[in-house]
Amino acid sequence: MTLAKRIIPCLDVDHGQVVKCINFQNPKSTGDPTEMAQRYSDQGADELVFLDITASSEKRNIMQKYVENVAKTINIPFTVGGGIRSVPDARLILCSGADKVSVNTAAVENPNLITELSDVFGRQCIVCAIDAKRNSTPTNGKTIVDTPKGPVWFEVVTYGGRKHTGIDALTWATDAEKRGAGEFLITSMDRDGTKDGYDIELTRNISERVNVPIIASGGAGEPKHLYDVFTEGKADAALAASIFHYNNYPIPKVKDYLRKMEVTIRQ
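This structure is a prediction, so every number in the text was calculated from the model and none was measured.

(A) Summary view of the packing of helix α3 (residues 87–95) against helix α5 (residues 112–121). One way to put it is that α3 packs onto α5 with a least axis distance of 10 Å and a crossing angle of 45°. Compared by their axis directions, α3 and α5 come out oblique. Crossing of α3 against α5: the hand is right-handed. From α3, Val 87, Ala 90, Arg 91 and Leu 94 reach across to α5, where they touch Glu 116, Leu 117, Val 120 and Phe 121.

(B) Just helix α7 (residues 200–207), in detail. Along α7, seven of the eight residues are buried, which leaves the element largely enclosed by surrounding structure. For α7, the complete set of buried residues consists of Ile 200, Glu 201, Leu 202, Thr 203, Asn 205, Ile 206 and Ser 207. Against the buried residues of α7 lie β7 (126–135), β8 (153–158), α6 (169–179), β10 (183–188), β11 (214–217) and α8 (223–231).

(C) Looking closely at the environment of Leu 11. Looking at where Leu 11 falls in the secondary structure, it is placed in strand β1 (residues 6–14). Among all residues touching Leu 11, those that are not within four sequence positions of it are Val 18, Pro 33, Met 36, Ala 37, Tyr 40, Leu 48, Val 49, Phe 50, Leu 51 and His 245.

(D) Region of the structure containing the pairing of strand β3 (residues 25–31). Sheet topology places strand β2 (residues 17–22) next to β3; four bridges connect them, and they run antiparallel. The residue of β3 that forms the bridge with Val 19 is Ser 29. Taking the residues between adjacent antiparallel strands as the criterion, β2 and β3 are bridged by two residues, where Asn 23 takes a positive phi near 55°.

(E) Just the pairing of β8, in detail. Among the six residues that make up β8, six are buried, leaving the element largely enclosed by the rest of the structure. Every second residue of β8 is oriented toward a common face, with Trp 153, Glu 155 and Val 157 on one face and Phe 154, Val 156 and Thr 158 on the other, all of them buried. The sheet contact formed by β7 and β8 spans five bridges and is antiparallel. For Lys 133, the partnering residue across the bridge sits in β8 and is Glu 155.

(F) Broad picture of the packing of α5 against α6. Closest axis-to-axis distance for the α5/α6 pair is 8 Å, and the angle between their directions is 35°. For the pair α5 and α6, the crossing hand works out as right-handed. Of α6, the residues touching α5 (which contributes Asn 112, Ile 114, Thr 115 and Ser 118) are Trp 172, Ala 176 and Arg 179. Class assignment of the residues belonging to the contact of α5 with α6 gives a composition of three nonpolar, three polar and one charged.

(G) A look at α8. Every buried residue of α8 is listed here: Pro 223, His 225, Leu 226, Asp 228, Val 229 and Phe 230. Contacts from the buried residues of α8 go to β1, α7, β11, β12 (237–240), α9 (242–245) and α10 (251–260).

(H) A look at unusual backbone geometry. In this model, Tyr 159 sits at a positive phi of 55°, which is unusual for a non-glycine residue. For Lys 234, which is not glycine, the phi torsion reads 60° and is therefore positive.

(I) Quick look at the nonpolar core. Core analysis: the largest hydrophobic core is formed by 73 residues, its most contacted members being Phe 78, Phe 184 and Leu 226. When residues of this core are assigned to their parent elements, the largest contribution, five residues, is made by α6. Excluding residues within four positions of it along the chain, Phe 184 makes contact with Val 127, Cys 128, Ile 130, Ala 173, Ala 176, Glu 177, Val 210, Val 212, Pro 213, Ile 214 and Ile 215. One finds Ile 8, Cys 10, Val 49 and Ile 215 within the second-largest nonpolar core, a separate group that totals 10 residues.

(J) Quick peek at the packing of aromatic side chains. The full count for this structure, using the stated rule, is two aromatic pairs. Centroid distance Phe 50 to Phe 78: 6.2 Å. Interplanar angle 85°. Geometry classified as edge-to-face. Here the residue Phe 50 occupies a position in strand β4 (residues 48–52), and Phe 78 occupies one in strand β5 (residues 78–81), the gap between them amounting to 28 residues. Pair check on accessibility: Phe 50 and Phe 78 agree, each one buried. Its guanidinium or amino end placed over the ring of Trp 153, Lys 142 lies 5.0 Å from that ring's centre, counting from NZ or CZ.

Thresholds, definitions, all that
Residues numbered from 1 in each chain as written. Predicted model: local features only at pLDDT ≥ 70, side-chain atom pairs only at ≥ 80, totals over all residues. Heavy atoms only, no water. Axes fitted to C-alpha atoms, helices over the stretch in contact; angles between N-to-C directions. Helix = DSSP H or I, 4+ residues; strand = E, 2+ residues; numbered from the N terminus. Parallel < 35°, antiparallel > 145°, perpendicular 65-115°, else oblique. Left-handed = near helix turned anticlockwise from the far one by under 90°. Contact = heavy atoms within 4.5 Å. Buried < 20%, exposed > 50% of the residue type's maximum accessible area, 1.4 Å probe, protein only. Pairing = 2+ DSSP bridges. Nonpolar A, V, L, I, M, F, W, Y, C, P; charged D, E, K, R; others polar. Core = buried A, V, L, I, M, F, W, Y, C linked by side-chain atoms within 4.5 Å. Phe/Tyr/Trp six-rings, centres within 6.5 Å; stacked < 30°, edge-to-face > 60°. Lys NZ or Arg CZ within 6 Å of the ring centre and 35° of its normal.

The structure is reproduced here in structure tokens:
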């Protein structure tokens, strides 16, 4: 049985406004999170992701009121991330209407957090977000991947791309799955906001190493990019922002294209 691929708009929220960045930098406001969430829910999005992108770097909790407002507006599964550092943090977000929580920086700094959250809320509620950047510097112990531009390894970055960790993203993904991650949100910092397409090698290599669903993120510019990451990248879901925020390719148009390309998607 082939599982249907999912189309997931993303709301990157900075102090109450949805913003769009390029390579995690220079955020530009694109709208109100509640209004945009309602539009995507009405258009047929399969799920929605809400990320408070400055919560970790500002060392603050997520802005709960915006989560609550979005949750009241939509009727699709809803994942929330940003500034979640503990079981109480996650409980607050889930009680505010989220279906799943996403952890990134806090999980890298405290890997036991994934196990703690999974034990309390269940693996199905825990999304491990990994922000990764290509690194061509030869380093022992890293997983080298051959790409059209030469061999690279993928480095985990944290705090919204502000901190390079030296951690191999592929190794981290396999470790996080063992600790209880039920899903991965894989974002390419190199492709973020570029509209040049997803990082196929990054997505495929993680997908081939774990046994839980993979959401690909970073680089969607046209429907074909989603097709590519589903087929070549072996992703289970595709997250996008720019193509939806600016209404270049509304969700129904993207789904029509994928159906014509014989990709199994949800109605």
